[in-house]
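# Notes for the structure review
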Amino acid sequence: MVLHGSGQDTNFSTADATLSVGRKTYFYAGFSQQDIQSCELLHPLEEKKEEGQEEEERKEEEEEEEEEGGDPPVELNLHLLLLNLLRMIFTKSLFFSGLLTMRAVLS
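Everything quoted here is computed from the prediction, not taken from an experiment.

Further remarks concern the overall build of the chain. Counting its secondary structure elements, the chain contains 2 helices and 5 strands. Ordered by position in the sequence, the α and β elements of the chain form the string β-β-β-β-β-α-α. Residue burial in the chain is summarised as follows: out of 107 residues, 8% are buried. Taking contacts inside the chain between residues at least 6 apart in sequence as the whole, the part at least 24 apart equals 58%.

Strand order in the open sheet made by the 3 strands is β2-β1-β5, with antiparallel pairing throughout. Two strands in the sheet have a free side with no partner beyond their single neighbour: β2 (9-11) and β5 (36-40). Averaged over all neighbouring strand pairs, the angle between strand axes comes to 20°, with direction disregarded. In this sheet, β5 lies alongside strand β1 (residues 2-5) in antiparallel orientation, the contact comprising 4 bridges. Within the sheet, the bridge partner assigned to G5 lies in β5 and is I36.

A separate point is the packing of aromatic side chains. Under the counting rule described, the total for this entry stands at 1 aromatic pair. Considering the side-chain rings of F95 and F96, the 5.4 Å spacing of their centres and the 70° angle between planes classify their relative orientation as edge-to-face.

With that settled, the discussion passes to the confidence of the model for the chain. Summing up the model confidence of the chain, the mean pLDDT is 78 and the portion of residues at 70 or higher is 78%. Here helix α1 (residues 44-69) stands out as the element of the chain with the lowest mean pLDDT, 66, in contrast to helix α2 (residues 74-106), whose mean of 95 is the highest.

Take a nonpolar patch on the surface next. Taken together, L78, L82, L85, M88 and I89 make up a surface patch of nonpolar side chains, about 460 Å² in accessible area. Along the polypeptide, L82 turns up in helix α2.

Note: β1 against β2, 3 bridges, orientation antiparallel. Each residue of the ladder has a partner; that of L3, found in β2, is T10. Between β1 and β2, which follow one another and run antiparallel, lie 3 residues, and G7 among them has a positive phi close to 95°.

Reading the values: the criteria
Residues numbered from 1 in each chain as written. Predicted model: local features only at pLDDT ≥ 70, side-chain atom pairs only at ≥ 80, totals over all residues. Heavy atoms only, no water. Helix = DSSP H or I, 4+ residues; strand = E, 2+ residues; numbered from the N terminus. Buried < 20%, exposed > 50% of the residue type's maximum accessible area, 1.4 Å probe, protein only. Contact = heavy atoms within 4.5 Å. Pairing = 2+ DSSP bridges. Axes fitted to C-alpha atoms, helices over the stretch in contact; angles between N-to-C directions. Phe/Tyr/Trp six-rings, centres within 6.5 Å; stacked < 30°, edge-to-face > 60°. pLDDT = per-residue confidence, 0-100. Patch = residues over 30% accessible without salt bridge, like charges linked within 9 Å, V, L, I, M, F, W, Y side chains within 5 Å. Areas by Shrake-Rupley, 256 points an atom, 1.4 Å probe, with all protein chains shown as cover. Salt bridge = Lys/Arg side-chain N within 4 Å of Asp/Glu carboxyl O.

Below, the structure is given as structure tokens:
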């Protein structure tokens, strides 16, 4: 991006432009110490190509994160909780059964 000011032009890189989620477009603010007469985007096709590549890389990273360890499905969590509940009930029943057996033997 080039800002044309009074007597001097200022070049800015738009590589760090932020993506607006609502509008699905990139925004970049350029500031200068001098008065700005006009603003011009250099090589818009090349920058769009870079942005497209960045979006593809982001999608690939998201897919990798999902494959590596995304959030497990709700049904899996429910089944694991039920299994732990059954284990706890079984352990309690063994404990009380052993306790009552020891009490009967000692008395």
